[in-house]
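Below, each chain spelled out in residue letters.
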Amino acid sequence: MPSRSGPIHVATTRRRYKGKIYESHLLRRTYREDGKVKNETVGNLSHLPAHLIELVREGLRGRAFVPADEAAFEIVRTQPHGHVAAVLGALRKLGLERLLSPRRSPERDRVVAMIVSRILWPGSKLATARRLRGATATSTLGEALGVENATADELYEALDWLGRRQWRIEKRLAERHLEEGTLLLYDVTSTYFEGRTCPLAAFGNNRDGKRGKLQITVGLLCASDGCPVAVEVFPGNTGDPLTLGSALQKIRERFGLRRVVLVGDRGMVTQARIDEELRAREGVEWITALRAPAIRAL
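Conventions adopted
Residues numbered from 1 in each chain as written. Predicted model: local features only at pLDDT ≥ 70, side-chain atom pairs only at ≥ 80, totals over all residues. Heavy atoms only, no water. Axes fitted to C-alpha atoms, helices over the stretch in contact; angles between N-to-C directions. Helix = DSSP H or I, 4+ residues; strand = E, 2+ residues; numbered from the N terminus. Left-handed = near helix turned anticlockwise from the far one by under 90°. Contact = heavy atoms within 4.5 Å. Nonpolar A, V, L, I, M, F, W, Y, C, P; charged D, E, K, R; others polar. Expected span 1.5 Å × (residues − 1). Buried < 20%, exposed > 50% of the residue type's maximum accessible area, 1.4 Å probe, protein only. Patch = residues over 30% accessible without salt bridge, like charges linked within 9 Å, V, L, I, M, F, W, Y side chains within 5 Å. Areas by Shrake-Rupley, 256 points an atom, 1.4 Å probe, with all protein chains shown as cover. Salt bridge = Lys/Arg side-chain N within 4 Å of Asp/Glu carboxyl O. Phe/Tyr/Trp six-rings, centres within 6.5 Å; stacked < 30°, edge-to-face > 60°. Lys NZ or Arg CZ within 6 Å of the ring centre and 35° of its normal. Pairing = 2+ DSSP bridges. Parallel < 35°, antiparallel > 145°, perpendicular 65-115°, else oblique.

**Quick notes on the packing of helix α9 (residues 244-254) against helix α10 (residues 271-278)**
Item 1. Their axes nearest at 11 Å, the elements α9 and α10 cross at an angle of 35°. Note that α9 runs across α10; the crossing there is right-handed. Residues Leu 244, Gly 245 and Leu 248 of α9 pack against Arg 273, Glu 277 and Leu 278 of α10.
Item 2. Along the lines of polarity and charge, the residues of the contact of α9 with α10 split into three nonpolar, one polar and two charged.

**Description of helix α4 (residues 106-120)**
Item 1. The terminal C-alpha atoms of α4, which comprises 15 residues, lie 21 Å apart, in line with the 21 Å expected from a rise of 1.5 Å per residue.
Item 2. Listing the buried residues of α4 in full gives Arg 108, Asp 109, Arg 110, Val 111, Val 112, Ala 113, Met 114, Val 116 and Ser 117.
Item 3. Where the residues of α4 are buried, they touch α2 (82-93), α3 (96-100), α5 (125-132), α6 (141-145) and α7 (152-164).

**Re the environment of Leu 184**
Item 1. Take Leu 184: it is sitting in strand β4 (residues 182-193).
Item 2. For Leu 184, a relative accessible area of 0% corresponds to the buried category.
Item 3. Along the chain, Leu 184 and Ile 21 lie 163 residues apart, while their C-alpha atoms are 65 Å from each other.
Item 4. Every residue in contact with Leu 184, bar those within four places of it in the chain, is listed here: Leu 178, Leu 221, Cys 222, Ile 251, Val 260, Val 261, Leu 262 and Val 263.

**Quick notes on a nonpolar patch on the surface**
Item 1. A cluster of nonpolar residues, Leu 52, Leu 55 and Phe 65, forms a patch on the protein surface that exposes about 250 Å² of accessible area.
Item 2. Here Leu 55 lies in helix α1 (residues 50-60).

**A short note on the packing of aromatic side chains**
Here the distance between the centres and the angle between the planes together describe a pair of aromatic rings.
Item 1. Counted according to the given criterion, the structure contains zero aromatic pairs.
Item 2. Above the face of the Trp 167 ring, Arg 254 is positioned so that its terminal group lies 4.2 Å from the ring centre.

**What to know about the sheet that holds β4**
Item 1. Here five strands make up an open sheet; going across it, the order is β6-β5-β4-β7-β8 and the pairing mixed. One side of each edge strand has no neighbouring strand; the edge strands of this open sheet are β6 (228-235) and β8 (284-287). Averaged over all pairs of adjacent strands, the angle between their axes in this sheet comes to 25°, without regard to strand direction.

**Section: the packing of α7 against helix α8 (residues 166-177)**
Item 1. Running from N to C, α7 and α8 point in directions that differ by 55°, and their axes come no closer than 4 Å. As judged from the angle between their axes, α7 and α8 are oblique. The residues of α8 that touch α7, namely those facing Leu 162, Gly 163 and Arg 164, are Gln 166, Arg 168 and Ile 169.
Item 2. Grouping the constituent residues of the contact of α7 with α8 by class yields two nonpolar, two polar and two charged.

As structure tokens, this is what we get:
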């Protein structure tokens, strides 16, 4: 076999014979002769297993290999990722990031991180910051969103940013989920409050059973499929029926709906609210439950 200088590579050829495909793996050298590029076969690798042929191919390309029994690298740290990927994937499929803001920003990323963290590990903002921080991270969430250096103060600032965008977010939700003649679900709850500086915290009908604790009242407006559209926080001593007017104002003035059917429980849609709020607005119907005396009367 003549000896010529030039790079060696693995060439794979295929041919069909009587309905079958046959592969040949040849070791070839490329060289120039009289100004022309020529190939010289220097060996036949076809008898070797496929993984060995691939090993030779990659070796000739310059890739270095390390024996499996040698420590090529050291695993310093691994982070759980599957649950983070699942929640982030669902969140993005719903378009929640663009709903918060069409453009990516540090504030939006921090809010998304808090949403995911709230689903996976409910806790304080300080605990959330520790879970995101690179040195104390318990998952890939901080790295995935680029917020591994977020502090607790920055998370609170992101909540302020979110609060300023509330009306725009609710407007987009209404455009997506509501239409004329739609069915709206409205209900109120309360939650106890730690601390004494919140201007809305007050003593009221405590649903949590936490005696001696201040509370806030929360009203939630949902589409007929249960998707939240708007939320409002009231002083903790606000009676459920007294929040109904604010919900109707949102529906009419902010969402521009003239014909709706409001669904509320009998503690909310009282006779006084029917007379003063619901019947006073043309195009507003309601569905509620009867109280025990009315049922007995029937």
